[in-house]
Amino acid sequence: MRPRCPSGSAASYLRLGGVGGTSSPCRLRRGLYRVRDTETSFCAESVLDLRGKQNCIMWISLLAFLTVGLLSLQKCQRHPGPVLGMSRLLAVIVPGSGQRSDSRCVISNAATCTACLAVGPECGWCVEEDFMAGTKLKQRCDIVLHLIQRGCKADFIESPKVDVTVPSNEANIQVIPGEASVHLRPGSEASFMLKVRPLEKYPVDLYYLVDVSASMHRHIERLNSVGFELSQKMENISIDLQLGFGSYVDKTVSPYISIHPKRIHNQCSDYELDCMPPHGFIHVLSLTDKISEFRSVINKQKISGNIDTPEGGFDAVLQAVVCQSHIGWRKEAKRLLLMMTDQTSHLALDSKLAGIVIPNDGKCHLKENMYIKANSMEYPSLGQLSEKLVDNNINVIFAVQGSQYHWYKDLLPLLPGTVAKQIESETANLGDLVVEAYKKLLSEVKIQVDNTLKDIHVKVTAICPDGSRKMGSEGCKNVKSSTEVFFNISIAMKECGTIGRRNHMTIKPLGFNESSRINIHKRCACQCEDSAKHKKICINETPHEDEVSPCKDGICGSSEKLSSEQCKKQQDHHLCSGQGECVHGKCICYENKYGTIYGKYCEKDDFSCPYYLGNLCAGNGECEAGKCKCFRGWEGDRCQCALSLQKHCMNPNGQICSERGTCVCGKCKCADPNSLGRLCEFCPSCRKVCSDMHNCESCRHFNSSHNTLGQCKTTCNYRMHYLEISG
């Protein structure tokens, strides 16, 4: 718990920030020493602004020493404990006192400023030219406070800040902030609070997507009265309601529907009913606030039919979600899609039964309000459907008749922002079902992170109104309208890695029309590297044991380009394989907590390749670029196989795997799928089969020599219909 800074006459206080007047270099906020008897405690929110003046350290040391000395001198004979305790405290607080163990910044032996920043967020690099003159410790890379202790001026320390900035012109109402910029450096982490505020009343767009197969005809009839009932019930929870309607059955190909000429247009002809033709999805009515229009299209709606039990529901859902302009989804409204059915839905790959193998592209394909790609593209996958629901801010209510309700309920964890309700009877009040589902969706506030970046880790913790803490994906439940929900967003960067074009991600509460854009700024380089004046002090000038001559192919020079070329194994490779810094034409490999990086180009390591029987590359090779490079006489992805095993793959003609495959650890792996046999020797459909059979023709003769008969047994046996050997 942070100590509190009391006030009053009960104790004496020495305000550090007041020493030396208002221009004191220490710049402490609420920095106090509290003195009461022999107890001394330091109370500060910001102990030291490291960018301040160097002599601030002297002030802290002097004042701390005076405080301890004045108060403890009288009691040191009777109570030496406090004095010893303060001496230990000074050893921690006062810079330069006690022994300082080398930090990982120093141990890393970073040769460049960039390499120093990559070690950890506490490290800094001193760019002052005469910083190391006359000193034993030559490292420019160290903890910032230690660099100041060693005499480097704070203004000459490269140590990028890790922070979060938010624009002042906030436009969002429900999700705040709508945008934030996070500045990170390797190994650092930054956090900020995201506030989500559900409104009391939203405009609501409700689109009915109804399974119109024959078994649903009674529920379709009941939709006639739902529009008016629902509009009355929603008045209490919405300021504006719009309704729309669409229908679906399935793909109109076998085996999903009957393709008999008499039934292809009327699947109900066997029952003497007049059914509309089957269809993948028809958009019947765009969203409108005119309830009379909704009731009119319902009255005209006919049922259809198909053969198999699952329907094409998810095909239709995806089209209703992505065809925003056709459906009429409003940007400012809560978007609900009510899917009514009594059967399960086909999923991706089911369409292969009909020979449809082109994956669903997730785009809108409505022409004259009819889905025209139903018979040429696969059903969408659950992952694809989930992505489109989140991207388009749409919540789905599965209203299911019968036992298939449990099938949809099991899918809810895979489809964010969805809820399942069971229609228990034909007389069930659909209006109540919709209102109940809507309230449930509205009372849940969850977060999803989209467009995540490589090397960036995001952790979201929900701080619910009841005081509980949950994972962001789990979120808060039973949230009342106009109650704010806070999310702690923690963003960490392990390492710089590759910097791509996209440098932002999106944090989105499910079902909300607003989101937060998070701009990521990776601070991996030093400013001094952009300045010709300070270029040389971004690199350690300590001499290396073996100086690298800037010569290549007989051409000598001191150009930077030539030096950097000497740090590449091949011309198109990264400098030092992306695992080190190029200094004067020589690679200095990075430190790694998993093991050692080595090699002339930092191309090798002892941790990233596969192991075999506990040994990296089976002990028979070196790890290079994540793959085992085997020593002579060994092969395999783990260098676990001796080349001498190839003799087991050789046929009597001296061919490896009959020239139809490769030998892997003494076993043939046939390249041609038509090849068979231990040595890939059987291949009736291969191109060489005629010539091979011609060579085996002699095996059909009764007077074959002993050598020929031996060859027949080994290479031609499977091709022979008979073989007679005379004594």
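Residues numbered from 1 in each chain as written. Predicted model: local features only at pLDDT ≥ 70, side-chain atom pairs only at ≥ 80, totals over all residues. Heavy atoms only, no water.

Per an unreviewed UniProt entry, the chain goes by Integrin beta and derives from Notechis scutatus. Reading the Sequence similarities (unreviewed entry) entry of the UniProt record for the chain gives the comment "Belongs to the integrin beta chain family." What UniProt states about the chain under its Subcellular location (unreviewed entry) heading is, verbatim, "Cell membrane". (UniProt positions renumbered as here; feature names shortened; annotations may be inferred.)

Trainee: Can you walk me through the overall build of the chain in this structure?
Mentor: Regarding its fold elements, the chain presents 15 helices and 38 strands. When each of the 727 residues of the chain is scored for burial, the buried share is 44%. In the chain, once contacts between residues fewer than 6 apart in sequence are set aside, the share between residues at least 24 apart is 62%. Total accessible area on the chain stands at roughly 39,100 Å², and carbon and sulfur atoms take up 51% of it. (Helix = DSSP H or I, 4+ residues; strand = E, 2+ residues; numbered from the N terminus. Buried < 20%, exposed > 50% of the residue type's maximum accessible area, 1.4 Å probe, protein only. Contact = heavy atoms within 4.5 Å. Areas by Shrake-Rupley, 256 points an atom, 1.4 Å probe, with all protein chains shown as cover.)

Trainee: Just to check I follow, could you spell out the pairing of strand 4 (residues 123–126) for this structure?
Mentor: It is a general feature of regular strands that their side chains alternate between the two faces of the sheet. Every second residue of strand 4 is oriented toward a common face, with C123 and W125 on one face and G124 and C126 on the other, all of them buried. Here three bridges tie strand 4 to strand 5 (residues 141–143), and the two strands are oriented antiparallel to one another. Looking at strand 5, one finds that W125 is bridged to C141. Summarising the sheet, strand 4 and strand 6 (residues 157–158) pair through two bridges and their orientation is antiparallel. Paired with W125 across the two strands is E158, which belongs to strand 6. (Pairing = 2+ DSSP bridges.)

Trainee: Where do I start with the sheet that holds strand 20 (residues 456–463) in this structure?
Mentor: Strands pair in a sheet through their backbones, by hydrogen bonds, and they do so in one of two ways: parallel or antiparallel. In space, the five strands of this open sheet follow the order 8-10-22-20-21, with antiparallel pairing throughout. In this open sheet, the two edge strands, each paired with only one partner strand, are strand 8 (175–176) and strand 21 (469–471). Note: strand 8 against strand 10 (residues 188–196), two bridges, orientation antiparallel. Across the sheet, the residue bridging to V175 is V196, located in strand 10.

Trainee: Explain helix 7 (residues 291–300) to me, please; I cannot follow it from the model alone.
Mentor: Residues lying three or four places apart along an α-helix face the same way, a consequence of the helix completing one turn every 3.6 residues. Restricting attention to buried positions, one finds in helix 7 the residues I291, F294, V297 and I298. What you see down the axis of helix 7 is that its buried residues fit within an arc of 130°, all on one side. Structural note: helix 7 exposes S292, N299 and K300 on the side pointing more than 90 degrees away from its buried face. (Arc of directions from axis to C-beta.)

Trainee: Hey, could you run me through the pattern of salt bridges in this one?
Mentor: Opposite charge on two side chains lets them pair, provided their charged atoms get close. Under the definition given, this model contains 17 salt bridges. Between R150 and D142 there is a salt bridge, and its shortest N-O distance comes to 3.3 Å. We note a salt bridge from D240 to R330, for which the minimum N-O separation is 2.5 Å. Here D240, found in strand 12 (residues 238–248), pairs with R330, found in the loop between helix 9 (324–327) and strand 14 (334–341); they are 90 residues apart in sequence, far enough to count as distant. A single network of salt bridges, built from pairs that share partners, joins D205, D240 and R330. (Salt bridge = Lys/Arg side-chain N within 4 Å of Asp/Glu carboxyl O.)

Trainee: Help me understand the packing of aromatic side chains, please; the structure alone is not making it clear to me.
Mentor: How two aromatic rings sit relative to each other is given by the distance of their centres and the angle of their planes. Overall, the coordinates contain eight aromatic pairs when judged by the stated rule. Judged by centre distance (6.2 Å) and plane angle (55°), the rings of Y207 and W329 are tilted. Of the two residues, Y207 sits in strand 11 (residues 202–211) while W329 sits in the loop between helix 9 and strand 14, which places them 122 residues apart along the sequence. Considered together, Y207 and W329 belong to a single accessibility category, that of buried residues. Taken together, a centroid distance of 5.3 Å and an interplanar angle of 45° make the contact between Y208 and F294 tilted. Residue Y208 is found in strand 11, and its partner F294 is found in helix 7; the two are separated by 86 residues along the sequence. You'll find Y208 and F294 in the same group, each marked buried. One aromatic cluster is present, formed by F314, F398, W407 and Y408 through successive ring pairs. For K334, the ring lying beneath its charged end belongs to Y202, and the centroid distance is 5.2 Å. Cation over ring: K334 sits above F512, and NZ or CZ is 4.3 Å from the ring centre. (Phe/Tyr/Trp six-rings, centres within 6.5 Å; stacked < 30°, edge-to-face > 60°. Lys NZ or Arg CZ within 6 Å of the ring centre and 35° of its normal.)

Trainee: So what exactly am I meant to see when it comes to the nonpolar core here?
Mentor: Nonpolar side chains in soluble globular proteins generally cluster together in the buried interior. In this structure, Y208, L230, M340, F487 and I491 are the most contacted members of the largest nonpolar core, which totals 69 residues. For this core, the element with the most residues is helix 12 (residues 430–442), which contributes eight residues. If you count residues domain by domain, this core takes at least three from each of domain 2 (166–198 + 446–522) and domain 3 (202–443). Residues in contact with F487, not counting those within four places in the same chain, are F192, M193, L194, V196, V445, I447, V460, T461, A462 and G472. One finds F281, V317, L318 and A374 within the second-largest nonpolar core, a separate group that totals 33 residues. (Core = buried A, V, L, I, M, F, W, Y, C linked by side-chain atoms within 4.5 Å. Domains from an automatic or database assignment.)

Trainee: So what exactly am I meant to see when it comes to the sheet that holds strand 24 (residues 516–522) here?
Mentor: Taken in spatial order, the five strands line up as 7-9-24-23-19 in an open sheet, and their pairing is mixed. Here the strands that pair on one side only, and so sit at the sheet edges, are strand 7 (163–165) and strand 19 (447–450). Across the sheet, the mean angle from the axis of one strand to that of its neighbour is 25°, orientation sign disregarded. Two strands pair when backbone bridges link them, and strand 19 and strand 23 (residues 504–509) are joined in this way by four bridges, in the antiparallel orientation. Residue pairing in the sheet places Q448 in a bridge with K508 of strand 23. (Axes fitted to C-alpha atoms, helices over the stretch in contact; angles between N-to-C directions.)

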